[in-house]
Every structure is written in C-alpha cells, then in structure tokens.
Amino acid sequence: MKNFKDFALDETILSAIADLGYEEPTAIQQQVLPSVLDGKDVIAKSKTGSGKTAAFAIPTIEKIDWAENKPQVLVLLPTRELAVQVKEDFTNIGRYKRIKAVALFGREPIRFQTTALRQKTHVVAGTPGRVMDHIERGTLKLDELKYFVIDEADELLHMGFLDQVEAIIKLLPKKRQTLLFSATYSSEIRKLAERYMNQPIFIEHEDKQMKKSTIEQKLVEVDTAHKYETLKKFTVIENPNSCIVFCNTKDQVDQLCEKLENDGYSVDMLHGGMTQDDRLAVMKDFRRGDFRYLVATDVAARGIDIEDISMVIQYDVPYEKESYVHRIGRTGRAGQRGVAIMLAAKNERRQLNEIEEYIEKTIERVAIPAIDLVEANRQAFETKMQSSPERKVMKSEQLNANIMKIYFNGGKKKKLRAIDFVGTINSIDGIEGKDIGIITIEEACTFVEILNGKGPIVLKAMQNKTVKNKQLKVHIAKK
Ligand code: ADP
Ligand code: MG
C-alpha cells in the first residue's frame with residue numbers, strides 16, 4: 001500500500017490533496033499515477049467512483065509547466081456536467097500550484113469561453129463538439145499540449161462521438177501522452193487505443209470489494225400501472241437522506257417529478273431538455289442537499305459524483321445494459337452502504353436479461369413491501385419529509401472559505417503579468433508564495449486569490465504598494 005507521499009509529488013499538490021481529505025491513493029490511483037509520471041500512455045478500466053479523475057489530474061498537474069500560457073492538458077468528456085466537474089477537480093487539486101482550468105461545452109455563449117481561453121490556461125476539459133469548435137476558430141491552441149485524456153471513453157463512443165474524437169486526435173501534437181479512462185471496455189475502445197496510443201499500459205482494477213459490493217442490488221417485478229405506488233412504498237421503508245430516481249425518457253421524468261411533488265416529496269428533476277443553467281443549478285442544489293429526491297434521465301448517471309446518495313431507484317429498466325452499472329454506481333460511493341432498486345415490468349424482461357448477462361449475475365428479486373411494514377415505517381418517513389435535508393458543505397466551498405479574491409484595476413493593457421503580482425504580494429510581511437492562489441489577468445483588471453485566510457493582510461498592504469511601479473486600485477472582488 002502506497003501513500004501519496006511515496007510518489008514524487010510537489011508539496012503544493014500534497015497539501016491540496018490533504019485539504020480534500022484524501023488520505024491514501026485509491027487502488028486505481030496507485031497504479032495510474034506512477035505510469036503517467038513515468039511518461040507512459042495508459043488505459044485504465046475501473047468501476048465508477050474509484051477515483052479516476054484524480055488518477056489523471058494529480059500526475060498531469062505535477063507535470064504542468066506553470067509558466068506556459070497555452071493549454072497542456074486536454075480532457076474530453078461526454079457531458080457538460082462532467083466537464084464542469086473535472087474542471088473543478090483540477091482547480092481543487094491544482095489550487096496551490098495556481099492551475100487554471102477551463103470547461104468548454106455547448107449551449108453556453110462561446111464568447112465567455114473564448115475570453116477564458118485568451119488568458120493563461122493550463123487545462124481544458126470539454127465535450128468533443130465544443131472543443132472542436134474552439135480548435136477551428138483558433139481559440140484553443142494545441143501546440144503546447146502534452147496530455148490528452150479521454151474520460152468516460154465508453155460513454156463518449158456510445159453517444160456517437162467517435163468521429164469527433166478521432167478528428168480532434170488528428171490535430172494534436174504527435175509527441176504527447178494519451179490516457180484513456182473507462183468503466184467498461186469494448187472492442188471499439190481497443191481499436192481506438194491501437195490506432196492512437198503509444199504502447200499503452202493496460203491497468204484494470206478488479207476491485208475485490210466490488211464483488212461483495214457495498215451496493216445492495218434488488219429487483220421488483222411489478223406492472224407498469226403499479227410502479228408509482230411501489231416506488232413510494234420503497235421510499236417509506238428505506239427513508240433515504242437522498243435518492244436518485246432514474247427514468248428512460250424526459251417525459252417520464254417530468255411526470256414522475258410532478259406526481260412526487262404533489263405528494264409532498266422534496267424533489268427536483270434533471271434531463272437533457274433543460275437549459276444548461278438549469279441543469280447546473282439543479283446539480284448544485286442536489287449536491288448541497290437542498291432537496292432529497294432527484295428524478296433524472298441518464299444524463300445524471302454518468303460520472304457525476306455526489307456524496308451520500310443512499311438509494312437509487314430505476315423506475316424503468318434502462319435500454320442500454322451499461323447504463324445499469326452507471327446508475328447503480330451513483331450510490332454506495334466511497335464504500336458507504338447503498339441500495340439500488342429496479343422496478344421491472346413484464347415487457348422489460350428482454351432488457352433485463354441483457355443486463356443480467358452483462359453483469360454476470362442474477363439480481364436479487366424482492367417482493368413489493370407489505371402494507372404493515374410500510375405503515376410501521378410511516379412515522380419516521382413523515383418526520384424526515386417534514387424536516388429539511390441537512391445542508392452539505394461542498395468540498396470546494398470548504399476550500400473557498402479561506403480564500404479571498406482581490407481585484408486590481410490593471411491588467412494586460414498595462415502590461416502586467418502574473419509574475420508581477422506574485423512578486424509584489426510575496427514581498428508583503430507574513431505572505432509566502434503558497435498563500436497566493438489563482439491569478440486571472442484580464443484586459444483592464446486582474447483577480448488574485450489569496451489563500452489561508454491572509455486576504456485582509458494583502459488587502460491592507462496593497463493600499464500603499466505598487467505593482468511594477470504602478471499604483472493600482474485594490475478591493476475585494478464582487479464575486
Ligand atoms: P470515477 O471517475 O472513477 O467514477 P471520481 O474521480 O469521480 O471517480 O471519484 C469519486 C470520488 O472519490 C470523488 O468524490 C473524489 O473526490 C473521491 N476521491 C478520489 N480519490 C480519492 C482518494 N484518494 N481518497 C478519498 N477520496 C477520493
Ligand atoms: Mg470519472
């Protein structure tokens with residue numbers, strides 16, 4: 001068993017990892033980290049929730065040359081939510097190295113992203129369509145790219161992104177490392193690897209614990225007409241703190257969410273027909289524990305990491321067998337207990353057979369909960385329904401608590417560079433390099449994050465200090 005300290009990692013990265021509460025590398029990280037540091041191409045297959053993001057984020061952040069302005073790491077992902085999450089993971093792990101990560105995804109005005117890309121950008125995480133768009137516009141520069149990561153590869157291919165992924169690969173520098181992550185492995189992925197990777201090391205982590213998984217998988221055979229009342233019975237007897245209910249279509253999500261709402265559930269929904277802003281807002285609220293039940297299509301199943309989901313209900317048997325694995329993977333994360341219940345009607349038997357063949361096991365059949373069992377649990381359920389969920393402090397909020405973002409009224413136009421700010425702020429009594437966080441230089445202004453609660457010291461000292469001999473207006477940034 002290795003410790004993070006056993007890898008040659010920079011102090012700034014080790015302390016960010018410690019802040020995130022990662023005590024030791026997960027099994028997949030133990031194997032992927034040294035190979036990436038060693039310059040190898042890697043294919044890694046392991047179940048969802050096994051820490052794949054940090055497995056590629058940690059070693060690539062270690063290798064990033066901070067002084068270089070053009071992107072050095074490009075991560076392709078299937079959904080916008082994942083792009084945002086991976087960007088946040090890079091920002092959190094790279095915080096003390098002042099790593100700048102940008103997320104690129106569709107249905108957001110391209111000019112915001114273009115502005116972000118014009119500044120120093122170390123890492124880009126994006127969906128293939130929008131990434132290609134930026135490459136074609138010349139706003140995403142690839143000549144300094146060192147690492148190309150394909151995350152959730154199975155889903156990318158599954159969603160028909162193969163052509164776009166290949167088109168992007170052809171534009172990348174030949175001299176690069178390619179890393180591919182997936183929860184499942186298919187012949188298409190193998191072909192992709194053979195074509196575009198350089199003697200990749202194949203790392204598969206057959207998690208011993210997965211076999212005796214912390215996820216209890218159950219199946220109820222029930223007519224479509226009785227699914228709703230069955231769902232409610234399970235919510236009463238399981239009485240989860242938070243729960244995701246998966247449906248196959250967005251109409252189904254709409255209807256089910258409305259029914260639950262009318263029945264007094266603390267519920268919201270997520271599906272691909274919603275606007276980008278709405279989707280991100282719902283995810284954020286759910287993460288924070290603002291409501292207990294999320295009704296969603298498979299857009300929410302992929303990779304999205306939310307802590308403490310104690311129950312997943314599949315209201316429909318998924319059309320795709322792989323979806324089953326991803327849906328149940330939303331619960332039982334980080335070794336906690338989770339229960340996954342699937343409601344299957346007779347006409348869904350064929351899909352069900354495919355799933356059981358695929359996971360190589362028969363899901364345990366359970367009966368619809370008996371009335372007296374439901375009634376015995378009713379009181380506790382009602383009590384919880386009437387209390388609002390416990391607010392979770394998000395990791396990034398926790399990290400942000402000690403950070404003050406400071407505004408300076410000078411940027412590129414005044415020919416100021418990050419190094420000028422670092423120099424000045426570093427010279428303040430009581431401030432060290434590690435107290436300076438991410439620096440964002442815009443045309444007419446600059447934002448500097450001050451870490452470790454030292455913002456007020458910097459704010460005060462900067463009232464009578466100059467940056468590159470220029471006296472700048474300084475105040476706390478508005479957001
Ligand atoms: P995957 O991509 O394999 O589905 P993620 O990268 O989303 O998994 O990680 C799952 C969760 O585990 C995240 O909340 C992440 O912050 C956490 N995590 C990652 N590495 C560690 C670690 N070494 N120790 C504890 N938690 C970790
Ligand atoms: Mg992942």
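Procedures and definitions
- Residues numbered from 1 in each chain as written.
- Chains lettered and ligands numbered in written order.
- Predicted model: local features only at pLDDT ≥ 70, side-chain atom pairs only at ≥ 80, totals over all residues.
- Heavy atoms only, no water.
- Helix = DSSP H or I, 4+ residues; strand = E, 2+ residues; numbered from the N terminus.
- Rg over C-alpha atoms; globule rule 2.2 N^0.38 Å.
- Buried < 20%, exposed > 50% of the residue type's maximum accessible area, 1.4 Å probe, protein only.
- Contact = heavy atoms within 4.5 Å.
- Patch = residues over 30% accessible without salt bridge, like charges linked within 9 Å, V, L, I, M, F, W, Y side chains within 5 Å.
- Areas by Shrake-Rupley, 256 points an atom, 1.4 Å probe, with all protein chains shown as cover.
- Salt bridge = Lys/Arg side-chain N within 4 Å of Asp/Glu carboxyl O.
- Lys, Arg positive; Asp, Glu negative; His and termini not counted.
- Charge placed at Lys NZ, Arg CZ, Asp CG, Glu CD.
- Pairing = 2+ DSSP bridges.
- Axes fitted to C-alpha atoms, helices over the stretch in contact; angles between N-to-C directions.
- Phe/Tyr/Trp six-rings, centres within 6.5 Å; stacked < 30°, edge-to-face > 60°.
- Lys NZ or Arg CZ within 6 Å of the ring centre and 35° of its normal.
- Domains from an automatic or database assignment.
- Buried area = accessible area lost by both parts, 1.4 Å probe.
- Polar contact = N/O pair within 3.5 Å; in protein donor to acceptor, adjacent residues only side chain to side chain.
- Core = buried A, V, L, I, M, F, W, Y, C linked by side-chain atoms within 4.5 Å.
- pLDDT = per-residue confidence, 0-100.

1. Quick look at the overall build of the chain
Across its full length, the chain carries 19 helices and 20 strands. Taken over the C-alpha trace, the chain has a radius of gyration of 24 Å; the compact-globule value for 479 residues is 23 Å, and the two agree within 12%. Considering only C-alpha atoms, the chain reaches an extent of 75 × 55 × 45 Å along its principal axes. Taken over 479 residues, the chain has a buried fraction of 54%. Here the analysis covers contacts within the chain between residues at least 6 apart in sequence; of these, 76% occur between residues at least 24 apart.

2. Details of a negative patch on the surface
On the surface, D251, D254, E258 and E261 cluster together to form a negatively charged patch. With respect to the helices, strands and loops of the structure, E261 is situated in helix α12 (residues 250–262).

3. Looking at the environment of K415
Looking at the secondary structure, you find K415 in the loop between β15 (404–408) and α18 (418–426). Counting along the chain gives 273 residues from K415 to L142, while the straight-line C-alpha distance between them is 25 Å. Here K415 is in contact with D420 and K468, once residues within four sequence places are set aside.

4. Concerning the sheet that holds strand β11 (residues 293–296)
The 7 strands are arranged β10-β11-β9-β12-β13-β8-β14 in an open sheet whose pairing can be described as parallel. Across the chains shown, the open sheet's two edge strands, defined by having one partner strand only, are β10 (267–270) and β14 (364–365). α12 rests against β9 (243–246), β10 and β11 of the sheet, and its axis sits at about 170° to β10. Together, β8 (215–221), β9, β12 (311–314) and β13 (338–344) form the strand contacts of helix α14 (residues 321–328), whose direction differs from that of β12 by roughly 155°.

5. A look at the packing of aromatic side chains
Across all of its chains, the model carries 8 aromatic pairs by this definition. Taken together, the ring pairs connect F56, F90 and F181 into an aromatic cluster. Looking at R111, its charged tip hangs above the ring of F112, at a distance of 4.9 Å from the centre. Above the face of the Y228 ring, K259 is positioned so that its terminal group lies 4.7 Å from the ring centre.

6. Comments concerning the domain arrangement of the chain
For an interface, size is often stated in terms of accessible area lost upon the parts coming together. The assigned domain composition of the chain is domain 1 (4–208), domain 2 (213–392) and domain 3 (401–476). Here domain 1 and domain 2 have C-alpha centroids that lie 30 Å from each other. Counting residues at the interface gives 17 residues for domain 1, matched by 18 residues for domain 2. Of the roughly 1600 Å² buried between domain 1 and domain 2, counting both surfaces, carbon and sulfur atoms make up 47%. If you sort the residues of domain 1 by the area they bury against domain 2, T48, E81 and Q85 come out on top, with a joint share of 36%. The interface formed by domain 1 and domain 2 includes 1 salt bridge. Linking R279 and E81 is a salt bridge whose minimum nitrogen-to-oxygen distance equals 2.6 Å. The interface formed by domain 1 and domain 2 holds 3 residue pairs in polar contact (both at pLDDT 80 or more) in total. Among the secondary structure elements, those contributing two or more residues to the side of domain 1 that touches domain 2 are α4 (80–93) and α7 (153–158).

7. Focus: the nonpolar core
Ranked by size, the top nonpolar core spans 41 residues in total, and within it V32, I58, V75 and F90 carry the most contacts. Setting aside its immediate chain neighbours within four residues, F90 contacts F56, A57, T60, I61, V73, V75, R95, A101 and V123. In terms of nonpolar packing, the next biggest core, distinct from the first, is built from 29 residues, V102, V124, L156 and L157 among them.

8. Re the confidence of the model for the chain
Averaged over the chain, the pLDDT score is 89; the fraction of residues at 70 or greater is 93%. Low pLDDT, under 50, characterises residues 208–212; the predicted model gives this stretch 2 contacts beyond four residues in sequence or across chains.

9. A short note on the side chain of T297
Looking at where T297 falls in the secondary structure, it is placed in the loop between β11 and β12. Under the relative-accessibility criterion, T297 is labelled buried at 8%. Beyond its immediate stretch of four places on either side in the chain, T297 contacts F246, C247, N248, T249, K250, V253, L270, H271 and G272.

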